[in-house]
Number of protein chains: 2
Amino acid sequence: MKKNLKNFTACDEKCPVRASLSLLSGKWTLMILFQINENIIRYGELKRAVVGISEKMLIQELNMLVENKLVNKKIYPEIPPKVEYSLTDLGLKTLPIADQLAQFGLENLV
Amino acid sequence: MKKNLKNFTACDEKCPVRASLSLLSGKWTLMILFQINENIIRYGELKRAVVGISEKMLIQELNMLVENKLVNKKIYPEIPPKVEYSLTDLGLKTLPIADQLAQFGLENLV
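Being a predicted model, the structure only gives us computed values, none of them experimental.

The rules behind the values
Residues numbered from 1 in each chain as written. Chains lettered and ligands numbered in written order. Predicted model: local features only at pLDDT ≥ 70, side-chain atom pairs only at ≥ 80, totals over all residues. Heavy atoms only, no water. Helix = DSSP H or I, 4+ residues; strand = E, 2+ residues; numbered from the N terminus. Rg over C-alpha atoms; globule rule 2.2 N^0.38 Å. Buried < 20%, exposed > 50% of the residue type's maximum accessible area, 1.4 Å probe, protein only. Areas by Shrake-Rupley, 256 points an atom, 1.4 Å probe, with all protein chains shown as cover. Lys, Arg positive; Asp, Glu negative; His and termini not counted. Charge placed at Lys NZ, Arg CZ, Asp CG, Glu CD. UniProt positions renumbered as here; feature names shortened; annotations may be inferred. Pairing = 2+ DSSP bridges. Contact = heavy atoms within 4.5 Å. Axes fitted to C-alpha atoms, helices over the stretch in contact; angles between N-to-C directions. Buried area = accessible area lost by both parts, 1.4 Å probe. Salt bridge = Lys/Arg side-chain N within 4 Å of Asp/Glu carboxyl O. Polar contact = N/O pair within 3.5 Å; in protein donor to acceptor, adjacent residues only side chain to side chain. Nonpolar A, V, L, I, M, F, W, Y, C, P; charged D, E, K, R; others polar. Core = buried A, V, L, I, M, F, W, Y, C linked by side-chain atoms within 4.5 Å. 1 Å grid on protein atoms, 1.4 Å probe; cavity = no way out; pocket = protein on both sides within 12 Å on 5 of 7 lines; lining within 4 Å. Points joined across faces, edges and corners; volume = space filled by probe spheres on them. Parallel < 35°, antiparallel > 145°, perpendicular 65-115°, else oblique.

Trainee: I'd love a proper account of the overall build of chain A, names of residues and values included.
Mentor: Assigned secondary structure in chain A consists of 6 helices and 3 strands. Relative to the compact-globule value of 13 Å for 110 residues, chain A shows a C-alpha radius of gyration of 17 Å, a clear excess of over 25%. Summarising its shape, the C-alpha atoms of chain A cover approximately 65 × 35 × 25 Å along the three principal directions. Classification of the 110 residues of chain A by burial places 48% in the buried group. Just so you have it, chain A exposes about 5900 Å², and 54% of that area is on carbon and sulfur atoms. Positive and negative side-chain charges of chain A, numbering 15 and 12 respectively, have mean locations separated by a distance of 5 Å.

Trainee: An account of the UniProt feature "domain: HTH hxlR-type" (unreviewed entry) in chain A is requested, with residue identities and associated values reported.
Mentor: Within this numbering scheme, the UniProt entry marks residues 15-110 of chain A as carrying the feature "domain: HTH hxlR-type" (unreviewed entry). The span residues 15-110 of chain A carries 57% helix and 15% strand; its end-to-end C-alpha distance comes to 31 Å.

Trainee: Outline the sheet that holds strand E3 (residues 82-87) of chain A, listing residues and values.
Mentor: Residues and elements named next belong to chain A. With respect to topology, 3 strands assemble into an open sheet ordered E1-E3-E2, the strand pairing being antiparallel. For this open sheet the edge positions go to strand E1 (41-42) and strand E2 (71-76), each flanked by a neighbour on one side alone. Along the sheet face, helix H2 (residues 29-36) touches E1, E2 and E3 and points at about 100° away from the line of E3.

Trainee: How would you sum up the interface of chain B and chain A? Please name residues and give values.
Mentor: The partner chain A presents 55 residues to the 55 residues of chain B that form the contact. Each partner contributes to the roughly 4800 Å² buried at the junction of chain B and chain A, and carbon and sulfur atoms together form 66% of this total. Here chain B is connected to chain A by 0 salt bridges. Taken together, chain B and chain A are joined by 14 residue pairs in polar contact (both at pLDDT 80 or more). For the side of chain B that touches chain A, the elements supplying multiple residues, two or more each, are helix H1 (16-24), helix H2 (29-36), helix H3 (43-49) and helix H6 (95-108) of chain B. Of all the elements, H6(B) adds the most residues to the side of chain B that touches chain A, at 10 residues. Looking at the side of chain B that touches chain A, its residues break down into 32 nonpolar, 12 polar and 11 charged.

Trainee: So what's going on with the pattern of salt bridges? Which residues, and what values?
Mentor: Side-chain pairs of opposite charge can arise whenever the charged atoms involved come near each other. All names here are of chain A. The tally for this structure, following the rule as stated, stands at 2 salt bridges over all chains. Note that Glu-84 is salt-bridged to Lys-82, the shortest N-O span being 3.8 Å. The same class applies to Glu-84 and to Lys-82, which are both buried.

Trainee: Explain the nonpolar core residue by residue, including any values.
Mentor: Counting 64 residues, the largest nonpolar core has Leu24(A), Ile32(A), Ile36(A), Leu24(B), Ile32(B) and Ile36(B) as the members making the most contacts within it. Ignoring anything within four residues of it in the chain, the contact list for Ile36(B) reads Ile41(B), Leu46(B), Leu62(B), Val71(B), Tyr85(B), Ser86(B) and Leu87(B).

Trainee: Could you give an account of empty space enclosed by the protein, with specific residues and numbers?
Mentor: The tally for this structure, following the rule as stated, stands at 1 cavity of 30 Å³ or more. Around the largest cavity, the lining is made up of 13 residues, and of these Leu21(A), Leu24(A), Leu30(A), Leu21(B) and Leu30(B) lie nearest the centre. Put simply, the parts of the chain that give the lining of the largest cavity at least two residues each are helix H1 (16-24) and helix H6 (95-108) of chain A together with H1 and H6 of chain B. Its residues placed into classes, the lining of the largest cavity shows 10 nonpolar, 3 polar and no charged.

Trainee: So, the sheet that holds strand E2 (residues 71-76) of chain B: which residues are in play, and what are the values?
Mentor: The strands making up a sheet associate through hydrogen bonds between their backbones, and the pairing can be parallel or antiparallel. Residue and element names in this part refer to chain B. Taken in spatial order, the 3 strands line up as E1-E3-E2 in an open sheet, and their pairing is antiparallel. Two strands lie at the open edges of the sheet, namely strand E1 (41-42) and E2, each paired on one side alone. Direction of pairing for E2 relative to strand E3 (residues 82-87): antiparallel, over a ladder of 6 bridges. Paired with Lys-74 across the two strands is Glu-84, which belongs to E3. Most of the contacts of H2 go to E3, to which it runs at about 100°, and overall it touches E1, E2 and E3.

Trainee: Give me the lowdown on the packing of H2(A) against H6(A), citing residues and values where you can.
Mentor: Residues and elements named next belong to chain A. Two elements in contact, H2 and H6, have axes whose closest approach is 9 Å; the angle formed by their N-to-C orientations is 105°. The orientation of H2 with respect to H6, classified from their angle, is roughly perpendicular. Here H2 contributes Leu-30, Leu-33 and Phe-34 to the contact with H6, which in turn contributes Leu-95, Ile-97, Ala-98, Asp-99, Leu-101 and Ala-102. Of the residues contributing to the contact of H2 with H6, the split by class is 8 nonpolar, no polar and 1 charged.

Set out below in structure tokens:
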């Protein structure tokens, strides 16, 4: 995308990059979405898959993702309670972003 | 990318998504890279293009981006000093990530 040096568009509140980052720019957010991916995943599995995240941070991120309609949370009325997470249709649409992050990392960083 | 429910790969310190996020997950980082894009841009222009960013945050982000070799900074020995920013080859490779963020925002959020 070529833009003229003196005539580019400002990224204001209507800017789609800004809108996406307001949902997705957390340190862990896209990593969690990438790890859930197309799976149905239990809390404990997700915790192990996102190495190094604290309990508090993972719960906080998952609540935010559920609230922003990126992640579904399904609670089974069992003892002990079983909780499963999966991506919503909207959440699945973030996977191309995570895939680009993976590709950039793979080709340039790791 | 299909992954088996019980057999997915953990995102540990060798995970490319994690590596990319360690450079790019800031609230403003990908917005700044997207706004510089293929341009050579002066500090003041960039400040106007990233609406709402504080002076302190923009300088901090730019220093981090220069340090991480994503952005070139060129200082002209003039009075007043003229400072121009552009993406490095590595920085240019982050544009597909920003483009995916733009596309996701455009189609789903704004």
